[in-house]
Amino acid sequence: MTKIATRDAYGKALVELGRENPDVVVLDADLAKSTKTIEFARHFPERFFDMGIAEQNMVGTAAGLAAAGKIPFCSTFAIFATGRAFEIIRNSVAYSRLNVKIAASHAGITVGEDGGSHQSVEDIALMRSLPNMTVFVPADAVETRAAVRAAAQIRGPVYIRLGRPGVPVLHGDDFHFEPGRAVIMREGNDATIIATGIMVATALEAAGLLEQEGIGVRVINMHTIKPLDEETVIAAARETGVIVTAEEHSIIGGLGGAVAETVCTHHPVPVYRLGIPDVFGESGRPEELLEKYGLTAAHLTARVREAVKRKGR
Amino acid sequence: MEGEKIKRLEERAREIRRHIIRMTGAAGSGHPGGSLSGADIVTALYFAVMRLDPQNPRWPDRDRFVLSKGHAAPLLYAALAERGFFPVEELLTLRRLGSPLQGHPDMKKLPGVEFSTGSLGQGLSAANGMALAARLDGRDYRVYVLLGDGEIQEGMVWEAAMAAAHYRLDNVTAFLDFNGLQIDGPVSKVMSVEPVAEKWRAFGWDVQVIDGHNMEEILRAVERARAVRGQPQMIVARTVKGKGISFMENMVEWHGVAPKPEEVERALAELA
């Protein structure tokens, strides 16, 4: 299967956007080669601003550009974009619903060898807590391109979470991306896996394995964490009776949190959250880390089996 | 003629100070000290310097003013009302539920407010962004910023200072309202920001030091700043916190406390 990193797809999509819309500008904080904004910089040097290693000022400058009618995309690693610059995103961007896009790469533990200091496992929780913010976590290259284009159409702040390693391409070219509308990747009525980002591919793999055991799993790709597609979540709760969420993020406050909040209110069923279990990451190869923190098809399969067993007790 | 103009501006600044006293008095909270110290600078900008159209607050070619020290909101509101952006009577709704005159400026609620501020240290970055946009769009508007002296303790201010010089944003003119006091006491005791002029110069800015209550000096400094090419400009304005009200001047206690009704009367009498 072809693998493409979502950050690579982002770099390409930005160039496309730059061609179509002269108001699109891009800012980076000395990581343009890693975040792939370097592609945009090569094509449109006059609309690219390297702000140096100063994430707060990068976001604040983007806010000013947006106040003057531009559509700025800000990129750096997720940990710095959403952590270091959090309060600037809150007060200079989200508070005034300014048209700033935060497209952050190297999210999650698949950063790998750089270790825990660089592995953002709380960015979804942070961005999701802000009023006016839209949060996209694309699962593959096709979805990334669509999310970047959708972000440029939305008048207001958007957070796009991107990853470092190559991930399987799940969608065809005819894929239709609708912000806030989850994609049902596979039907099933025994349990539902709601996954986001790189865990969508893992969820599909797990569902395939479970089918061989006679367990029919619905797989929902939640590419938009905010606004959450509550309707699809509630239908899954009602129709399958149990939900397992899967994300490369802390089990606190991310996709699992969002789904649990919705299910608790509207149709209480058990929700099991697969994610980073309230710890920081560490150095290692991405696949080793995914194994250690339980973010593999084998772990997910076990979790679903267990969930189905406990269903309706 | 020039003397007449200065006199008119000074009278306007007095009127703006009266508004600040009435507004904070009516609200029962707010920040009179730092509003009064910046009053002459902001009056000069809104009544003698900036290109504005109060009937068309979103006019693309307008000059921008960013109140980075957002707690001086009463000063900004008074200037906007006097300049005709909204009725003067609305000033007395300051800080009330439902009022567009929020405790700190909100660009979404009040016409004429160019940027929402309040959390210190963020205004200069925003101003730089506006200045970059002007350059990209080939527009000749200028961006003015008012920073507090305590505010420049925020590290982000220096990130922005570095960036403005790096990108040669000569369409940015910043004022430092150097009144020497912050909430916990004298700036020199809490966390010294000196040597101020040297710091901005070292960051690549054109720097002038003036008396921030002398209208002629303010206007001359702005004129000089506007002629600078290739560099952002900082005008360090020596000011007095609480300026114009004898019992508020240089008193740190008046940073964030509103005058009581009898104090409002006394202050207004002094400003008559």
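Residues numbered from 1 in each chain as written. Chains lettered and ligands numbered in written order. Predicted model: local features only at pLDDT ≥ 70, side-chain atom pairs only at ≥ 80, totals over all residues. Heavy atoms only, no water.

Draft legend 1. The arrangement of the sheet that holds strand β13 (residues 243–250) of chain A in detail. Residue and element names in this part refer to chain A. Overall, mixed pairing links the five strands, which are arranged β9-β11-β10-β13-β14 in an open sheet. Two strands bound the open sheet, and with one partner strand each, they are β9 (183–186) and β14 (271–276). Put simply, the sheet's adjacent strands are angled 25 degrees from each other on average, direction ignored. Inspection of the sheet shows β9 paired to strand β11 (residues 217–221) by three bridges, in the antiparallel sense. Of the residues in β11, the one forming a bridge with R186 is V219. (Pairing = 2+ DSSP bridges. Helix = DSSP H or I, 4+ residues; strand = E, 2+ residues; numbered from the N terminus. Axes fitted to C-alpha atoms, helices over the stretch in contact; angles between N-to-C directions.)

Draft legend 2. Highlighting the interface of chain B and chain A. Each side of the interface is counted separately: chain B has 23 residues, and chain A has 26 residues. Across the chain B to chain A interface the summed buried area is about 2000 Å²; carbon plus sulfur atoms make up 59%. Counting the contacts that link chain B with chain A gives one salt bridge. Salt-bridge contacts for D137(B) lead to K70(A); the nearest nitrogen and oxygen are separated by 2.5 Å. At the surface where chain B touches chain A, the tally comes to nine residue pairs in polar contact (both at pLDDT 80 or more). Elements with a contribution of two residues or more to the side of chain B that touches chain A: α5 (123–137) and α6 (155–166) of chain B. Element by element, the count of residues in the side of chain B that touches chain A is highest for α5(B), at nine residues. A class-by-class count of the residues in the side of chain B that touches chain A yields twelve nonpolar, six polar and five charged. (Contact = heavy atoms within 4.5 Å. Buried area = accessible area lost by both parts, 1.4 Å probe. Salt bridge = Lys/Arg side-chain N within 4 Å of Asp/Glu carboxyl O. Polar contact = N/O pair within 3.5 Å; in protein donor to acceptor, adjacent residues only side chain to side chain. Nonpolar A, V, L, I, M, F, W, Y, C, P; charged D, E, K, R; others polar.)

Draft legend 3. Examining the packing of helix α1 (residues 2–27) of chain B against helix α3 (residues 39–49) of chain B more closely. Residues and elements named next belong to chain B. One can describe the packing of α1 onto α3 by two numbers: an axis separation of 9 Å at closest approach and a directional angle of 120 degrees. Judged by the angle between their axes, α1 and α3 are oblique. Where α1 crosses over α3, the handedness of that crossing is right-handed. Taking contact as the criterion, the partners of K5, L9, R12, A13, I16 and R17 in α1 are, on α3, A39, D40, T43, F47 and A48. Counted by class, the contact of α1 with α3 contains six nonpolar, one polar and four charged residues. (Parallel < 35°, antiparallel > 145°, perpendicular 65-115°, else oblique. Left-handed = near helix turned anticlockwise from the far one by under 90°.)

Draft legend 4. Fine view of the UniProt feature "domain: Transketolase N-terminal" (unreviewed entry) in chain B. In the numbering adopted here, UniProt assigns the feature "domain: Transketolase N-terminal" (unreviewed entry) to residues 16–267 of chain B. Helix makes up 38% of residues 16–267 of chain B and strand 13%, whereas the separation of the span's terminal C-alpha atoms amounts to 13 Å. (UniProt positions renumbered as here; feature names shortened; annotations may be inferred.)

Draft legend 5. Geometry of the sheet that holds strand β2 (residues 143–148) of chain B. All names here are of chain B. Sheet architecture is open: five strands sit in the order β1-β2-β3-β7-β6, paired in parallel fashion. In this open sheet, the two edge strands, each paired with only one partner strand, are β1 (64–67) and β6 (206–211). If you compare each strand with its neighbour and ignore which way they point, the axes differ by 20 degrees on average. Across six bridges, the pairing between β2 and strand β3 (residues 172–178) is parallel. Bridging across to β3, V145 finds its partner in A174. Strands in contact with α5 are β1, β2 and β3; relative to β2, the strand with the most contacts, it is inclined by about 170 degrees. With respect to the sheet, helix α9 (residues 215–226) is in contact with β2, β3, β6 and β7 (233–238), its orientation differing from that of β6 by roughly 170 degrees.

Draft legend 6. Representation of a positive patch on the surface in the model. On the surface, R97(A), R155(A), R58(B) and K108(B) cluster together to form a positively charged patch. Looking at where R97(A) falls in the secondary structure, it is placed in the loop between α6 (86–93) and β5 (101–104). On the basis of relative accessibility, which here comes to 46%, the residue R97(A) falls in the partly exposed class. (Patch = residues over 30% accessible without salt bridge, like charges linked within 9 Å, V, L, I, M, F, W, Y side chains within 5 Å. Areas by Shrake-Rupley, 256 points an atom, 1.4 Å probe, with all protein chains shown as cover. Lys, Arg positive; Asp, Glu negative; His and termini not counted. Charge placed at Lys NZ, Arg CZ, Asp CG, Glu CD. Buried < 20%, exposed > 50% of the residue type's maximum accessible area, 1.4 Å probe, protein only.)

Draft legend 7. Structural view of the packing of α1(B) against helix α4 (residues 73–83) of chain B. All names here are of chain B. The interhelical angle for the contact between α1 and α4, taken along N-to-C directions, is 125 degrees, at an axis separation of 9 Å. Judged by the angle between their axes, α1 and α4 are oblique. Relative to α4, α1 is oriented so that their crossing is right-handed. The segment α1 lies against α4, with R12, E15, I16, H19, I20, M23 and T24 engaging P74, L75, Y77, A78, A79 and E82.

Draft legend 8. Region of interest: the domain arrangement of chain A. Residue and element names in this part refer to chain A. As assigned here, chain A comprises domain 1 (3–168) and domain 2 (183–310). Taken over C-alpha atoms, the centre of domain 1 sits 25 Å from the centre of domain 2. Across the domain 1 to domain 2 interface the summed buried area is about 2400 Å²; carbon plus sulfur atoms make up 58%. On the domain 1 side of the interface with domain 2, the three residues burying the most area are I109, V121 and R128, jointly 30% of the side's total. On the surface where domain 1 and domain 2 come into contact, there are one salt bridge. Across the pair E261 and R128 runs a salt bridge whose closest N-O atoms are separated by 2.8 Å. Taken together, the links from domain 1 to domain 2 amount to 19 residue pairs in polar contact (both at pLDDT 80 or more). Residue assignment for the side of domain 1 that touches domain 2 shows that the elements contributing at least two residues are α7 (123–128), β6 (134–136) and β8 (166–168). (Domains from an automatic or database assignment.)

Draft legend 9. Quick look at the pattern of salt bridges. Evaluation of the coordinates by the stated rule reveals 33 salt bridges over all chains. Salt-bridge contacts for R186(A) lead to E211(A); the nearest nitrogen and oxygen are separated by 2.7 Å. Taken together, the residues span a long stretch of sequence, with R186(A) in strand β9 and E211(A) in helix α9 (residues 199–212) at a distance of 25 residues. With relative accessibility at 23%, the residue R186(A) sits in the partly exposed group. Residue class for E211(A) comes out exposed when judged on its relative accessible area of 51%. E15(B) is the salt-bridge partner of R22(B), the closest N and O atoms lying 4.0 Å from each other. Put simply, E11(B), R14(B), E15(B), R18(B) and R22(B) are held in one network by salt bridges that share partners.

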